[in-house]
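Breakdown of the fold
The residues making up each chain are set out below.
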Amino acid sequence: YQRRVHGDVDRNVLLDVFCQISSIPLGYNNRALEKRARESDIINSIVNRPALGVNPPHHWYDTLQNSFMQVAPKGLKQISTLMCGSCANEVAFKAVFMWYSRKLRGQNADFTPEDLSSCMWNKPPGSPELSILSFTGGFHGRTFGTLSATRSKAIHKVDIPAFPWPAAPFPHLKYPLEEHKKENREEERRCLDEAEKLITSYPVKVAGVIVEPIQAEGGDNHASPDFFRKLREITLKHGVAFIVDEVQTGCGATGKFWAHEHWDLETPPDAVTFSKKCQAAGFYHNLELRPNAVYRNYNTWLGDPVRALLFGSIVDEIKKNGLVEYTANSGKILMEGLNKIAATFPIHNIRGQGTFVAFDLPSPQLRDQLVTTLRNNGVQSGGCGTQSIRLRPMLVFGPLHCTIFLEILETSLKKITK
């Protein structure tokens, strides 16, 4: 596992700690995946792509069991495969609305003639006035529903019609955490109180809540496990669905396969969405979110068997090489090195789980300057929020790569702050 670098169009070799926006799990040109891609079942799936909802290949059930279900989140035994992270969240929203409407109508009650006629005009009761509660700073995608739940940057949303859905404040924690325990507890309580208030009183009835374990695009914003446990309790108390968006945090980057494992929930989420490092997309869910009729949550492809087969090999490589644990160890090295650099240079708010790490610069301008300087010195990195740099290396990112990155970071900071 030494092939961690990539080159630009000028043949400059770079250490990549951004990895196609957090989407490469095992490094470029991984030999195990290259070998797998040459096998007949993948070649056949490329040449003869099936419409999985109506004509799945004979091996589709086994493919699901040998890939996605190997790493299914605790308590979730259903899966819907899709094409991308936005699709995963969008279709999860639809599943929540169908479930919630079925509760209101009666589990075994059929659609009324008025339901069927009014929905054709986008009117209630067939098109009910329901909403998804999200959090300020969150990013969930760019389709119509997910964009209505996205609150990270205005440029993502401007000019696009949106649903009138609520947003609760996400905690803004102070660092170092151990020095601000009281303030951070109060901040999380404030956000939970506001979320519960919106669930109970927002004019458009809330059917579900979506949250990222770490708000990535919005600035790598964290909250404590206790915050998420209490948020789950609120959703159970008021009978709304709980969706965990693991599109960016999933597949081992935080030192657990799924970031929400850090929370030790008593009751699992109702749905967990995924994409990016999984090289495939979809959402795990409980039985209640399974549609009660065919062709409801449906499209032609419903995912891609090629990506499902490859994900099986990705999971095998992760398990065989202990890469989740390896990532947890690399994260400790990164955090220790960044805290040492922070004693000399103006980086602060160092935070992370595993190698899912970020730090802040004093201004957006200095952050952008550092991203450029890092690239010119041989490191591909990325920004998030207003003035943060986020690290999203592959699971094969090890101690040697940590050392290289930290040395180049220090050199780059010297250059821009002298």
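Summarised in this report is the structure supplied together with it.

About the cut-offs
Residue positions are counted from 1 within each chain, in the order its sequence is given. Totals for whole chains, interfaces and linings use every residue, but because this is a predicted model, local features are given only for residues with pLDDT of at least 70 and side-chain atom pairs only at 80 or more, for both listing and counting. Think of the side-chain values as coming from all heavy atoms in the structure, minus any hydrogens and water. Under the DSSP-based scheme used, a helix requires at least four consecutive residues in state H or I and a strand at least two consecutive residues in state E, with every element numbered from the N terminus. What the globule rule says is 2.2 Å times the number of residues to the power 0.38, and the radius of gyration is computed from C-alpha atoms. Each residue is placed in one exposure class: buried if its accessible area under a 1.4 Å probe, protein chains only, is under 20% of its type's maximum, exposed if it is over 50%, and partly exposed if it falls in between. Residue contacts are defined here by distance: any two heavy atoms, one from each residue, within 4.5 Å place the two residues in contact. Areas reported as accessible are Shrake-Rupley estimates using a 1.4 Å probe. Residue values count occlusion only from the protein chains shown. Lys and Arg are tallied as positive, Asp and Glu as negative. Neither His nor the chain termini are counted. Charge coordinates come from a single atom per side chain, which is NZ of Lys, CZ of Arg, CG of Asp or CD of Glu. In short, DSSP must find at least two bridges between two strands for them to pair. A fitted line through C-alpha atoms serves as each axis, taken over the contacting stretch for helices, and the angle formed by two N-to-C directions is quoted from 0 to 180°. By definition here, a salt bridge exists when the distance from a side-chain nitrogen of Lys or Arg to a carboxyl oxygen of Asp or Glu is within 4 Å. Note that the term roughly parallel is reserved for angles under 35 degrees, roughly antiparallel for angles over 145, roughly perpendicular for angles of 65 to 115, and oblique for everything else. Should the near helix be turned anticlockwise from the far one by less than a right angle, the crossing is left-handed, and should it be turned clockwise, the crossing is right-handed. All residues other than Ala, Val, Leu, Ile, Met, Phe, Trp, Tyr, Cys, Pro, Asp, Glu, Lys and Arg, Gly among them, are scored as polar; the first ten of these are nonpolar and the last four charged. To define a nonpolar core, start from buried Ala, Val, Leu, Ile, Met, Phe, Trp, Tyr and Cys residues and group those joined through side-chain atoms within 4.5 Å. Cysteine sulfur pairs qualify as disulfides if the two atoms are within 2.5 Å.

When its secondary structure is counted, the protein chain shows 14 helices and 14 strands. Here the protein chain has a C-alpha radius of gyration of 22 Å; the compact-globule value for 418 residues is 22 Å, and the two agree. Each principal axis of the C-alpha atoms in the protein chain carries an extent, and together these give about 70 × 55 × 40 Å. Across the 418 residues of the protein chain, 53% fall into the buried class. The contacts in the protein chain between residues at least 6 apart in sequence include a share of 73% that link residues at least 24 apart. Of the roughly 19,500 Å² of accessible surface on the protein chain, 52% is carried by carbon and sulfur atoms. When the 49 basic and 43 acidic side-chain charges of the protein chain are each reduced to a single mean position, those positions are 2 Å apart.

Let us now look at the sheet that holds strand β7 (residues 241-245). In space, the 7 strands of this open sheet follow the order β3-β9-β8-β7-β6-β4-β5, with mixed pairing throughout. If you trace the sheet from one side to the other, it starts and ends with β3 (78-82) and β5 (167-168), each paired once. Of the strands in this sheet, β4 (130-135), β6 (205-211) and β7 are in contact with helix α10 (residues 225-238), which crosses β7 at around 145°.

Applying the stated criterion to the full structure yields 16 salt bridges. As a salt-bridge pair, K153 and E217 come within 2.8 Å of each other at their nearest N and O atoms. Of this pair, K153 sits in the loop between α7 (144-149) and α8 (154-157) while E217 sits in the loop between β6 and α10; the two residues are 64 residues apart in sequence, bridging distant segments of the chain. Linked through salt bridges whose partners overlap, the residues forming this network are R36, E39 and D41.

If you trace the 4 strands from one edge of the open sheet to the other, you get β10-β11-β14-β13, paired in antiparallel fashion. In the strand order of this sheet, the two ends are held by β10 (348-353) and β13 (382-384), each with one partner. Neighbour to neighbour, the strand axes of the sheet diverge by 25° on average, direction disregarded. Taken together, the 3 bridges between β13 and strand β14 (residues 388-391) define a ladder with antiparallel strand orientation. Looking at β14, one finds that G382 is bridged to R390. Sitting on the sheet, helix α12 (residues 323-342) is in contact with β10, β11 (356-360) and β14, with an inclination near 175° to β10. The sheet strands contacting helix α13 (residues 364-376) are β11, β13 and β14, and the helix crosses β14 at an angle near 40°.

Another aspect to go through is the packing of α13 against helix α14 (residues 399-417). Two elements in contact, α13 and α14, have axes separated by 9 Å at closest approach and are oriented at 125°. In terms of axis orientation, α13 runs oblique to α14. For the crossing formed where α13 meets α14, the hand is right-handed. Counted together, L366, Q369, L370, T373 and L374 of α13 and I408, L409, S412, L413, K415 and I416 of α14 form the full contact between these two elements. Its residues placed into classes, the contact of α13 with α14 shows 7 nonpolar, 3 polar and 1 charged.

So, about the nonpolar core. The nonpolar side chains of a soluble globular protein tend to be buried, and buried together. Core analysis: the largest hydrophobic core is formed by 77 residues, its most contacted members being F135, F227, L231, F311 and I318. Not counting the four nearest positions on each side in its chain, F311 is found in contact with S67, F68, V71, C251, F257 and C278. Ranked by size, the runner-up nonpolar core spans 26 residues in total, among them L15, I341, I389 and L409.

Summed over the entire model, instances satisfying the criterion amount to 0 disulfides. No disulfide involves C402; its nearest neighbouring cysteine sulfur is the one of C19, lying 12 Å away. A relative accessible area of 0% places C402 in the buried class.

For the bond from P124 to P125, the omega torsion is 0°, close enough to zero to count as cis. As for its position among the elements, P125 is in the loop between α6 (113-118) and β4. The omega torsion across Y175 and P176 is -5°, close enough to zero to call that bond cis. If you trace the backbone, P176 turns up in the loop between β5 and α9 (181-201). Unusually for a residue other than glycine, L302 sits at a positive phi of about 50°. With respect to the helices, strands and loops of the structure, L302 is situated in the loop between β9 (281-285) and α11 (305-320). Take L302: its relative accessible area is 16%, and that puts it in the buried class. Its identity is not glycine, yet N349 carries a phi of approximately 50°, on the positive side. Along the polypeptide, N349 turns up in strand β10.

Geometric descriptors of this kind do not, in isolation, establish any biological role.
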